[in-house]
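# A structural walkthrough
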Amino acid sequence: MSNPQVLPIWTAEQRARTHQAFNRWLLACTEQEYQKLMDLREQVAPGEVCSIVKLVQSCYARPELLAGLPAGLVQLMRERNLPQPFAVASAAAG
């Protein structure tokens, strides 16, 4: 039996801004980028409904999945000062 994954807790504002960044990214992404994200979602939550916040948090908790996040989405999150993987890791350690 594996240990359940502990996801970082984001504020309501961070969650809302993540959804805004995702919606903006959706307007500009290519079909391949979108499919890449859907493939990643299927890895994180096979056969389940999965919010973009849970998907990103899961990737932060499992660094081997980070490369699956589309670069354009990651860039928008950086521009909006949303939590980044290194910040999550350092907060969990502290």
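See the structure printed just above.
Residue positions are given per chain, counting from 1 as you read along its sequence in written order. For this predicted model, a pLDDT threshold of at least 70 governs which residues receive local features, and a threshold of 80 or more governs which side-chain atom pairs are given and counted, while totals over whole chains, interfaces and linings are taken from all residues. Each side-chain value is worked out from all heavy atoms of the structure, with water and hydrogens disregarded.

Of regular secondary structure, the protein chain possesses five helices and zero strands. Element order for the protein chain, N to C, with α for helix and β for strand: α-α-α-α-α. Residue burial in the protein chain is summarised as follows: out of 94 residues, 34% are buried. Summarising the internal contacts of the protein chain: among those between residues at least 6 apart in sequence, 62% fall at separations of at least 24. In this description a helix means any DSSP run of H or I spanning at least four residues, a strand means any run of E spanning at least two, and both kinds are numbered starting from the N terminus. Remark: exposure states derive from per-residue accessible area (1.4 Å probe, protein chains only) relative to the maximum for the residue type, with buried under 20%, exposed over 50%, and partly exposed in between. The contact criterion used throughout is that any non-hydrogen atoms of two residues lie within 4.5 Å.

The next subject is the packing of helix α1 (residues 12-28) against helix α4 (residues 71-79). Throughout, an axis means a line fitted to C-alpha atoms (over the contacting stretch in the case of helices), and angles, computed between N-to-C directions, take values from 0 to 180 degrees. The geometry of α1 relative to α4 is characterised by a closest axis approach of 9 Å and an angle of 140 degrees between their N-to-C directions. By the criterion of interaxial angle, the relationship of α1 to α4 is oblique. Here α1 and α4 pass one another in a crossing that is right-handed. In this structure, α1 uses Thr18, Ala21, Phe22, Arg24 and Trp25 to contact α4, whose residues at the interface are Gly72, Leu73, Leu76, Met77 and Glu79. All amino acids are sorted into three groups, where Ala, Val, Leu, Ile, Met, Phe, Trp, Tyr, Cys and Pro are nonpolar, Asp, Glu, Lys and Arg are charged, and the leftover types, Gly among them, are polar. Tallied by class, residues from the contact of α1 with α4 come to six nonpolar, two polar and two charged. Every angle not falling under 35 degrees, over 145, or within 65 to 115 is termed oblique; those three ranges are roughly parallel, roughly antiparallel and roughly perpendicular. Left-handed describes a crossing in which the near helix is turned anticlockwise from the far one by less than a right angle; the clockwise case is right-handed.

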